[in-house]
Structures are given as C-alpha cells and as structure tokens.
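Descriptive structure summary
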Amino acid sequence: MEKKAILVVSFGTSHLDTLEKTIQVIEEQIQGMFPEYKVYRAFTSQMILNKLRNEMGIHYFNVSEAMEQIAEDGVETVIVQPTHIIPGSENEKMQRDLERYKDKFKKLCVGKPMLSCTEDYKKAIHAIVDDIHMEEDERLILMGHGSEHHANAAYPALEYTFHSLGYHHVYVGTVEGFPELKDVMNKLESDGAKKAVLIPFMFVAGDHAKNDMAGEEDSWKTELEEAGYEVRSIIKGLGEMQGIRKIFLEHLEELF
C-alpha cells in the first residue's frame, strides 16, 4: 500500500502554550480529515528551532530535515501545507527547500498560505470579527509581523478590505513593515477614539504578541497608554480561530 504524508510547515514558536492551541490543533484536524496520511511537522525559523533544541531539549525538523525523514520512511505522495499568513520570504524559503526534493517522490504538491486571493481576505476578516467581542467605542488594532518582502502589501490591503466591508473600527499595523504603529495612531487620533483592543495577526501568539504587543515595557500597549488610550490586549493566535483554520484547510483540500 502506497505511503502518503502531509507536511504542515509553520514559521514556528518556542512558546509551547500557543503551539498547543494553534499548530498542534490544525495538525490534529488535518490528521482527522486525512487518516490515510501521516502528518509531519516542520518549522521554517532556524532561530526558533535552535532555541527549542538548546534551551528546552526539543527537536523539530526544518523543511529539509522533514523531507529527508519522509523520504527515508518510504513515502511516495507528499502534500505540503504551510500555516504562513502571507506569500512572503518564509513561504519562498520553504518553496526553495522543497524544490530540491521534487524528483524524490511520485507526487509532491504545495498548498497556499492564508492570504492568497481576495476571498481569503474576506474569509479572514469575517473569522476575526466573529471571534472578537468589541464594545461600540473600541477600535481593534491587528499587529501583523511585517516584512521587507513585497508581499507586505497584504497588510494595508487587509485594512482596506476591512473598511470596504464596513468594519471601519479596525486598523492594521506591523512590527517589521508598513504600516507601523505610528501610522495606526495617526488614524486613531483622526478617528477620535479613546479605547483600543490589541490582537496579534499571526498564526501563533508567541514572543511578538506577549512582549512587542502586550508587554509592560516598550510595547504597543505601553505606547498607546502613554498617548492616553485605554488598552485591552487579547493574547490569541489566529490559529486558535476556527474560521482561520478553515481557510488553511480549504487550501489543503484544493490539492486533492
């Protein structure tokens, strides 16, 4: 009987609490949907893999190591599904790593990251709006990771789509790209808002969410509070939202 595998590729996290609520949950969902496939895990961030190994004694595969193990296990059909948010540099790095293995398997195909078409944006927006309870006078600020990659355009496009769907109380910023927090704060000031809710626009709620977003020092929360806003932080990765996981599962199902 032919051996088949699904490799779930994530950026990764060293925060095991959010890993269990996000990456592990979607992997278990995938295993339940496709019981005839063995599910493997890989992270694209070597820095996180090193931290897990050196500080916690936990070893997970990077993409190349996972593919080597899958080949060694005699698998012939490999389906790869990333949990990346945008088709940016991490997703391209994964694609480059996979390219070296395309001749080792009878079938190797790769699913799309979360925001891959206009419908994905709309589905993601509805999933977030349905999941987060807001008071009428609150403004929702999403903290994306951000990137120097051209796919960073997904973040301003996301905010535009929120507003075009009537959700004018939502703003999008990034840690390492555009728009920045200062851009969001300029809009809040124009808006006249006094209350803000912060949530990570990332699959996991790890270091960026706990420290850069909601930390008690040098964070988005403290910067907003210093500017006079009342701030509420929600430490919840996108991977905890059923509607968000559904987008990834739909991308995976497209490959069958």
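Definitions and limits used
Residues numbered from 1 in each chain as written. Predicted model: local features only at pLDDT ≥ 70, side-chain atom pairs only at ≥ 80, totals over all residues. Heavy atoms only, no water. Helix = DSSP H or I, 4+ residues; strand = E, 2+ residues; numbered from the N terminus. Rg over C-alpha atoms; globule rule 2.2 N^0.38 Å. Buried < 20%, exposed > 50% of the residue type's maximum accessible area, 1.4 Å probe, protein only. Contact = heavy atoms within 4.5 Å. Areas by Shrake-Rupley, 256 points an atom, 1.4 Å probe, with all protein chains shown as cover. 1 Å grid on protein atoms, 1.4 Å probe; cavity = no way out; pocket = protein on both sides within 12 Å on 5 of 7 lines; lining within 4 Å. Points joined across faces, edges and corners; volume = space filled by probe spheres on them. Nonpolar A, V, L, I, M, F, W, Y, C, P; charged D, E, K, R; others polar. Patch = residues over 30% accessible without salt bridge, like charges linked within 9 Å, V, L, I, M, F, W, Y side chains within 5 Å. Salt bridge = Lys/Arg side-chain N within 4 Å of Asp/Glu carboxyl O. Lys, Arg positive; Asp, Glu negative; His and termini not counted. Charge placed at Lys NZ, Arg CZ, Asp CG, Glu CD. Pairing = 2+ DSSP bridges. Right-handed = clockwise from strand over helix to strand, strands pointing away.

With that settled, consider the overall build of the chain. Of the regular secondary structure elements, the chain holds 11 helices and 8 strands. Here the C-alpha atoms of the chain give a radius of gyration of 19 Å, agreeing with the 18 Å that 2.2 N^0.38 yields for 256 residues. Overall, the C-alpha framework of the chain stretches about 65 × 40 × 30 Å when taken along its three principal axes. Expressed as a percentage of its 256 residues, the buried residues of the chain come to 52%. A separation threshold of at least 6 residues defines the contact pool for the chain, and within that pool the share at least 24 residues apart is 76%. When the accessible surface of the chain is split by element, carbon and sulfur atoms take 47% of a total near 12100 Å².

What follows concerns the side chain of D97. Considering the arrangement of structural elements, one finds D97 in helix α5 (residues 89-99). Assessed through its relative accessible area of 18%, D97 is described here as buried.

Turning to the layout of surface pockets, a few remarks are in order. Any space left empty among the atoms is revealed by the rolling of a water-sized probe across them. Quantified by volume, the largest pocket comes out at close to 770 Å³. Where the lining of the largest pocket is concerned, the elements lending two or more residues are α3 (46-56), α5 and α9 (207-213). Residue classes in the lining of the largest pocket are distributed as 12 nonpolar, 16 polar and 5 charged.

Before going further, it helps to examine the environment of A157. The residue A157 is located in helix α7 (residues 154-164) in this model. The partly exposed category is assigned to A157, whose relative accessible area is 29%. Remark: the alpha-carbon pair of A157 and V129, spanning 28 residues in sequence, is separated by 17 Å.

On to the environment of D207, then. Checked against the element boundaries, D207 lands in helix α9. When neighbours within four sequence positions are excluded, D207 is seen to be in contact with H15 and D212.

Right, let's get into a negative patch on the surface. A cluster of acidic side chains, namely E217, D218, E223 and E226, defines a negative patch on the protein surface. With respect to the helices and strands, the residue E226 is situated in helix α10 (residues 220-226).

Side chains on a regular strand alternate between the two faces of the sheet. Among the 6 residues that make up strand β3 (residues 77-82), 6 are buried, leaving the element largely enclosed by the rest of the structure. Here β3 shows no split at all, with T77, I79 and Q81 on one side and V78, V80 and P82 on the other all buried. Sheet topology note: the strand β1 (residues 4-10)/β3 ladder contains 6 bridges and is parallel. The residue of β3 that forms the bridge with I6 is I79. Where the polypeptide runs from β3 across α5 and back to strand β4 (residues 107-110), its parallel neighbour, the crossover connection is right-handed.

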